[in-house]
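Chains, contacts and geometry: an overview
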Amino acid sequence: GQSLEQPSEVTAVEGAIVQINCTYQTSGFYGLSWYQQHDGGAPTFLSYNALDGLEETGRFSSFLSRSDSYGYLLLQELQMKDSASYFCAVEGNNRLAFGKGNQVVVIP
Amino acid sequence: DAGVIQSPRHEVTEMGQEVTLRCKPISGHNSLFWYRQTMMRGLELLIYFNNNVPIDDSGMPEDRFSAKMPNASFSTLKIQPSEPRDSAVYFCASSSQGATGANVLTFGAGSRLTVL
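For the structure given in this document, a descriptive report is provided here. Nothing here was measured: the structure is a model prediction, and the numbers come from that model.

**Points about the overall build of chain A**
A tally of regular secondary structure across chain A gives zero helices and eleven strands. Expected size for 108 residues packed as a compact globule is a radius of gyration near 13 Å; at 13 Å, chain A falls within 12% of this value. The proportion of buried residues among the 108 residues of chain A is 48%. Long-range pairs, those at least 24 residues apart, make up 57% of the contacts in chain A with a sequence separation of at least 6. Roughly 5,000 Å² of accessible area belongs to chain A as shown, and the carbon and sulfur atoms make up 47% of that amount. For chain A, the distance from the average position of its 5 positive side-chain charges to the average position of its 11 negative side-chain charges is 7 Å.

**Observations regarding the pattern of salt bridges**
Residues and elements named next belong to chain B. For the structure shown, the criterion picks out nine salt bridges over all chains. Residue K78 is joined to E18 by a salt bridge in which the shortest nitrogen-to-oxygen separation is 3.9 Å. Within this pair, whereas K78 is found in strand β8 (residues 74–79), its partner E18 is found in the loop between β2 (10–13) and β3 (19–24), the two being separated by 60 residues in sequence. The exposure class assigned to E18 is partly exposed, which follows from its relative accessible area of 42%. Its salt-bridge partner being R85, residue E83 comes within 2.6 Å of it at the nearest N-O pair. For E83, a relative accessible area of 23% corresponds to the partly exposed category.

The rules behind each value
- Residues numbered from 1 in each chain as written.
- Chains lettered and ligands numbered in written order.
- Predicted model: local features only at pLDDT ≥ 70, side-chain atom pairs only at ≥ 80, totals over all residues.
- Heavy atoms only, no water.
- Helix = DSSP H or I, 4+ residues; strand = E, 2+ residues; numbered from the N terminus.
- Rg over C-alpha atoms; globule rule 2.2 N^0.38 Å.
- Buried < 20%, exposed > 50% of the residue type's maximum accessible area, 1.4 Å probe, protein only.
- Contact = heavy atoms within 4.5 Å.
- Areas by Shrake-Rupley, 256 points an atom, 1.4 Å probe, with all protein chains shown as cover.
- Lys, Arg positive; Asp, Glu negative; His and termini not counted.
- Charge placed at Lys NZ, Arg CZ, Asp CG, Glu CD.
- Salt bridge = Lys/Arg side-chain N within 4 Å of Asp/Glu carboxyl O.

This is the structure we're talking about:
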């Protein structure tokens, strides 16, 4: 089966850096994705890691360690619009399972 | 492209009634997913189709739930009879690959169901 763990809520000021962690358990691991969801909205894709290492996309970066079954999403130069929930999603066993999500609140 | 289109956006119904949620995936996407989101359980995969064929329905809660994909441009999720515990936001998503490899899901806006 699959399981994911994510902490629940983080508050940070504009311009700060936030790291959101994700640990997972799955058989047949293929990759780890990250999605952003604003209140009342739909999840939207942010990044994907299939191999170990760091993927950078603008202010957001995602890291994966397959040996540790661990990944993180790094949000840099936080902006108010980054206030949202962030989900990791693990692909494995022909399924894509989402974690419970981590709410990020950005304050001025 | 208009993205993934879901209807209805909101539905309020009474316990015991039949509910049908609809989804039109992005043209050219060969995989379609139905998720349910609640505060308590987060985003749960209910079922997914690849090339209109159900691949994994192990997330479907019970026999009251059924999903169909009669063609590449349309899918339905039906709940009969509905119960208050089915109240949730139901998301449909499509992708251009199966649930392996780089798999980018595009979600619809969701259908918010309230069962009284």
